[in-house]
Amino acid sequence: MITHGKNIKIFTGNSHPELAKEIADIVGVGLGNANVGRFSDGEISVDINETVRGADVFVVQSTCAPVNDNLMELLIMMDAFKRASAGRITAVIPYYGYARQDRKAKARDPITAKLVADLLTAAGADRVLTMDLHAAQIQGYFNIPVDHLLGVPLLAKYFQGFNLDEDEIVVVSPDLGSVTRARKFADRLHAPIAIIDKRRPKANVSEIMNVIGDVKGKVAILVDDMIDTAGTITNAANALADLGAKEVYACCTHAVLSGPAVERIKNSAIKELVVLNTIPLTEDKMLDNIKVLSVAPVFAEAIKRIYEDLSVSKIFE
């Protein structure tokens, strides 16, 4: 149990209360007493039913679908805590929505990831705790501290339990943008990497080009930060199987799984998909070959360290 001088309080909106409860249990505190509902016209209603004056407040809220509702809940809750004289407010965002809109890809594009950063700061966030931003430079969109946790160590630890020899396994990056992540993953398994060079004709549509590296007769593990419509990951898995991979596994931090994702995964060469629970998976998305690992212990440890003014980076060392 934490024995710091000021109170620590953990609150949650409606995006992922199960994860928030798990985090609070590990930290050793109860979830804060707050009700987040709707007025009859659809506006968000927030009632904070306990004092937060001078407290170290952590608001756990993934900005996943419905992204705008969950984002507004987070903003309004933080505004309530700020006006109630909370000592420090940390936005704990396991999945940061709008992270893919991080640059101007064409003329007149918004940079919505930066807009969201400004909104969070304006609402009262003193710091942000998140995991696997789609683009790491989003940390620079904030003028407040950002603690950026990584999903790779959790995913790699699961596959280390397979006890495969180094020459039996290959870690595969599904595109050029994920090579650094795949390399870090491969380093933990002491395995070689392969890279899939793909072309994306338009948004949410990917076309496999070629595979750089040796995958024949090996257990291939695809590593990505998120899976949305699953076109990239399933096309990659099928290409690896066609090239003679013995088995194909896939893993990611954020299981967005929108549109045709579940059907694509079901009909693909993926033997098992391993995901983290930064986003809650509804029953219709829970296939037999999807394994969910919890990020609660990592976030709980980070919250303890932030509260006690200790280094967060030590978690993964």
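Residues numbered from 1 in each chain as written. Predicted model: local features only at pLDDT ≥ 70, side-chain atom pairs only at ≥ 80, totals over all residues. Heavy atoms only, no water.

(A) The arrangement of the layout of surface pockets in detail. Considered as a void within the structure, the second largest pocket measures approximately 180 Å³ in volume. Considering the residues around the second largest pocket, the lining is formed by Arg100, Gln101, Asp102, Arg103, Ala105, Lys106, Asp109 and Pro110. Class assignment for the residues of the lining of the second largest pocket results in two nonpolar, one polar and five charged. (1 Å grid on protein atoms, 1.4 Å probe; cavity = no way out; pocket = protein on both sides within 12 Å on 5 of 7 lines; lining within 4 Å. Points joined across faces, edges and corners; volume = space filled by probe spheres on them. Nonpolar A, V, L, I, M, F, W, Y, C, P; charged D, E, K, R; others polar.)

(B) Expanded view of the pairing of strand β13 (residues 270-276). Counting buried positions along β13 yields six of seven residues, so the element is predominantly enclosed. Sheet topology note: the strand β12 (residues 247-255)/β13 ladder contains five bridges and is parallel. If you follow Ala250 over to β13, its bridge partner there is Leu273. Following the chain from β12 across helix α7 (residues 261-266) to the adjacent parallel β13, one finds a crossover that is right-handed. Summarising the sheet, β13 and strand β14 (residues 290-293) pair through four bridges and their orientation is parallel. (Buried < 20%, exposed > 50% of the residue type's maximum accessible area, 1.4 Å probe, protein only. Helix = DSSP H or I, 4+ residues; strand = E, 2+ residues; numbered from the N terminus. Pairing = 2+ DSSP bridges. Right-handed = clockwise from strand over helix to strand, strands pointing away.)

(C) How the structure looks around the UniProt feature "domain: Ribose-phosphate pyrophosphokinase N-terminal" (unreviewed entry) in the protein. As recorded in UniProt, the sites labelled "domain: Ribose-phosphate pyrophosphokinase N-terminal" (unreviewed entry) are residues 8-124. With 34% helix and 22% strand, residues 8-124 has its two end C-alpha atoms placed 17 Å apart. (UniProt positions renumbered as here; feature names shortened; annotations may be inferred.)

(D) Examining the packing of aromatic side chains more closely. Summed over the entire model, instances satisfying the criterion amount to eight aromatic pairs. On the numbers, 6.0 Å between centres and 65° between planes, the contact of Phe159 with Phe185 is edge-to-face. Of this pair, Phe159 sits in helix α4 (residues 152-160) while Phe185 is found in helix α5 (residues 179-189), placing the two residues 26 residues apart along the sequence. By relative accessible area, Phe159 is classed as buried at 3%. Aromatic rings pair up to connect Tyr158, Phe159, Phe162, Phe185 and Tyr249 into one cluster. (Phe/Tyr/Trp six-rings, centres within 6.5 Å; stacked < 30°, edge-to-face > 60°.)

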